[in-house]
Amino acid sequence: MRHAIEQNGPASVVLPPAARVGIGGPVGSGKTALIEALIPELQRRGVDLAVVTNDLVTREDAERLRRSGLIDPARVSAVEAGACRHTVIREDPTLNIAAGDDLEARFPGVELILFESGGDNLASTFSLDLVDWWIFVIDVAGGGDIPRKRGPGPMRCDLLVVNKIDLAPYVGVELAPMLAEAIQVRGNRPVIATNARSGVGIREVADAILAAVLFGV
Ligand SMILES: Nc1nc2c(ncn2[C@@H]2O[C@H](COP(=O)(O)OP(=O)(O)O)[C@@H](O)[C@H]2O)c(=O)[nH]1
Ligand SMILES: [Mg+2]
């Protein structure tokens with residue numbers, strides 16, 4: 001999909017850096033499930049992909065993705081964030097930047113690196129030193145009032161994903177007002193409703209990522 005810039009003949013092909021996209025949100029909202037659904041959708045469109053996960057003291061999410069058969073396991077890197085999950089994506093993202101640089105060095109031509117945060121509260125945000133663009137994932141089962149709480153994550157992200165829409169009838173949440181409120185508090189910035197397990201909304205999320213970071217729209 002991406003074209004290399006040739007300088008002085010093919011011996012010195014310079015590839016542009018990969019686009020870096022953050023995926024944050026509370027523990028269990030479906031960040032890894034979203035990545036599992038996005039990988040085949042983005043690969044189908046010819047995007048050269050890699051993933052960095054952040055866990056507290058384990059490598060659970062990275063191991064899950066490596067076992068999934070969806071992506072070359074070597075293209076999944078794990079950062080162990082320690083006690084402060086948001087620190088490594090915001091205050092001091094050095095470990096994540098290094099993980100992204102390492103993937104770019106090992107896979108020349110990689111176009112897009114997804115960074116999954118360790119799972120935090122509604123206050124977690126990404127540093128723009130680390131990512132070009134970021135998604136925040138909340139889920140319907142966490143309560144229909146989450147958008148109204150105006151947390152920095154749901155407010156400041158480039159794209160808000162409201163996941164687990166299939167659970168709305170079981171947890172007493174009315175989806176339409178929840179989505180309307182999310183759009184309203186975000187000043188009409190993008191909100192996409194998904195079911196990461198069945199694939200509802202995944203095409204739209206892939207469209208948004210590609211439009212924002214690979215086509216520079
Ligand atoms: N019903 C339903 N379950 C989901 C959905 N997305 C994720 N899950 C489940 O929610 C749990 C947490 O998902 P996970 O991706 O690990 O969340 P993370 O901690 O944000 O990475 C898992 O059991 C998933 O199978 C969804 O859209 N609908
Ligand atoms: Mg996860």
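Everything in this summary refers to the structure shown in the same document. Values in this document were obtained by computation on a predicted structure and should not be read as measured data. Counting of residues starts from 1 at the beginning of each chain's written sequence and follows it residue by residue. The lettering of chains begins at A and the numbering of ligands begins at 1, in the order of writing. Two thresholds apply to this predicted model, a pLDDT of at least 70 for residue-level local features and 80 or more for giving and counting side-chain atom pairs, whereas whole-chain, interface and lining totals are computed over all residues. In computing side-chain values, all of the structure's heavy atoms are included and hydrogens and water are not.

Of the regular secondary structure elements, the protein chain holds seven helices and nine strands. Scaling as 2.2 N^0.38, a compact globule of 217 residues should have a C-alpha radius of gyration of about 17 Å, and the protein chain matches this with 17 Å. Seen through its principal axes, the protein chain has C-alpha atoms that stretch 60 × 35 × 30 Å. In this description, contact between two residues means that some pair of their heavy atoms is separated by no more than 4.5 Å. A fraction of 73% describes how many contacts in the protein chain between residues 6 or more apart in sequence connect residues 24 or more apart. Note on areas: Shrake-Rupley, 1.4 Å probe, and residue coverage restricted to the protein chains presented here. Carbon together with sulfur atoms contributes 53% to the accessible area of the protein chain, which is approximately 9,900 Å² in total. Looking at the protein chain, you have 22 positive and 28 negative side-chain charges, and the mean spots of the two groups are 3 Å apart. Segments assigned H or I by DSSP are reported as helices when at least four residues long, segments assigned E as strands when at least two residues long, and all are numbered from the N terminus. To get the radius of gyration, use the C-alpha atoms; to get the globule rule, take the number of residues to the power 0.38 and multiply by 2.2 Å. Charge assignment in this entry is limited to Lys and Arg as positive and Asp and Glu as negative, and neither His nor the chain termini are counted. Where a charge lies is defined by one atom per residue type, namely NZ (Lys), CZ (Arg), CG (Asp) and CD (Glu).

A carboxyl oxygen of Asp or Glu within 4 Å of a side-chain nitrogen of Lys or Arg is what we treat as a salt bridge. All chains considered together, the criterion is met by twelve salt bridges. A salt bridge links Arg-20 to Asp-101; the shortest N-O distance between them is 2.7 Å. With Arg-20 in strand β3 (residues 19–24) and Asp-101 in helix α3 (residues 94–106), the pair connects residues that are 81 residues apart, well separated along the chain. Since its relative accessible area comes to 10%, Arg-20 is described here as buried. A single network of salt bridges, built from pairs that share partners, joins Glu-41, Arg-44, Arg-45 and Asp-207. Buried means the residue's accessible area, taken with a 1.4 Å probe over protein chains only, is under 20% of the maximum for its type, while exposed means over 50%, and partly exposed covers the values in between.

Attention shifts here to the site of ligand 1. When at least one non-hydrogen atom of a residue lies within 4 Å of a molecule or strand, that residue is treated as near it. Surveying the vicinity of ligand 1 reveals 17 residues, the closest of which are Gly-28, Lys-31, Ala-33, Arg-64 and Asp-166. Separating an oxygen atom of ligand 1 from a side-chain N or O atom of Lys-164 is a distance of 3.1 Å. For this analysis, a polar contact is any N or O atom pair within 3.5 Å, provided that within protein one partner can donate a hydrogen and the other can accept it, and provided that sequence-adjacent residues contribute only side-chain to side-chain pairs. Within the side chain of Asn-195, an N or O atom sits 3.1 Å from an oxygen atom of ligand 1. The dominant element in the shell around ligand 1, judged by the number of residues it contributes, is helix α1 (residues 31–44), at three residues.

Within strand β6 (residues 112–116), five of the five residues are buried, which leaves the element mostly enclosed by the surrounding structure. The alternating pattern of β6 places Leu-112, Leu-114 and Glu-116 and Ile-113 and Phe-115 on opposite faces, both of which are buried. In this sheet, β6 lies alongside β3 in parallel orientation, the contact comprising five bridges. By the bridge assignment, Arg-20 is partnered in β6 with Ile-113. Here five bridges tie strand β4 (residues 49–55) to β6, and the two strands are oriented parallel to one another. Counted as the bridge partner of Leu-49 is Leu-112 from β6. For two strands to count as paired, DSSP must find a minimum of two bridges between them.

The next subject is the nonpolar core. Buried Ala, Val, Leu, Ile, Met, Phe, Trp, Tyr and Cys residues form a nonpolar core when they are joined through side-chain atoms within 4.5 Å. If you look at the biggest cluster of nonpolar residues, it comprises 31 residues, and the most contacted ones within it are Leu-38, Leu-112, Ile-135 and Ile-209. Filtering out sequence-adjacent residues up to four positions away, Leu-38 remains in contact with Ile-23, Ile-202, Val-205, Ala-206 and Ile-209. Core analysis: the next-biggest nonpolar cluster, separate from the first, contains 30 residues, Leu-122, Phe-136, Ile-146 and Leu-160 among them.

Among the seven residues that make up strand β7 (residues 133–139), seven are buried, leaving the element largely enclosed by the rest of the structure. Note: β3 against β7, four bridges, orientation parallel. Paired with Val-21 across the strands is Trp-133, a residue of β7. Note: β7 against strand β8 (residues 159–163), five bridges, orientation parallel. Across the sheet, residue Val-137 finds its bridge partner in β8, namely Val-161.

Turning our eyes to something else, we now look at the packing of aromatic side chains. Classification of ring pairs rests on two measures: the distance between centres of Phe, Tyr or Trp rings, Trp counted by its six-membered ring, which must be within 6.5 Å, and the angle between planes, read as stacked under 30 degrees, edge-to-face over 60 and tilted in between. Overall, the coordinates contain one aromatic pair when judged by the stated rule. Residues Phe-126 and Trp-134 carry aromatic rings whose centres are separated by 5.8 Å and whose planes lie at 50 degrees to one another, so their mutual orientation is tilted. Considered together, Phe-126 and Trp-134 belong to a single accessibility category, that of buried residues.

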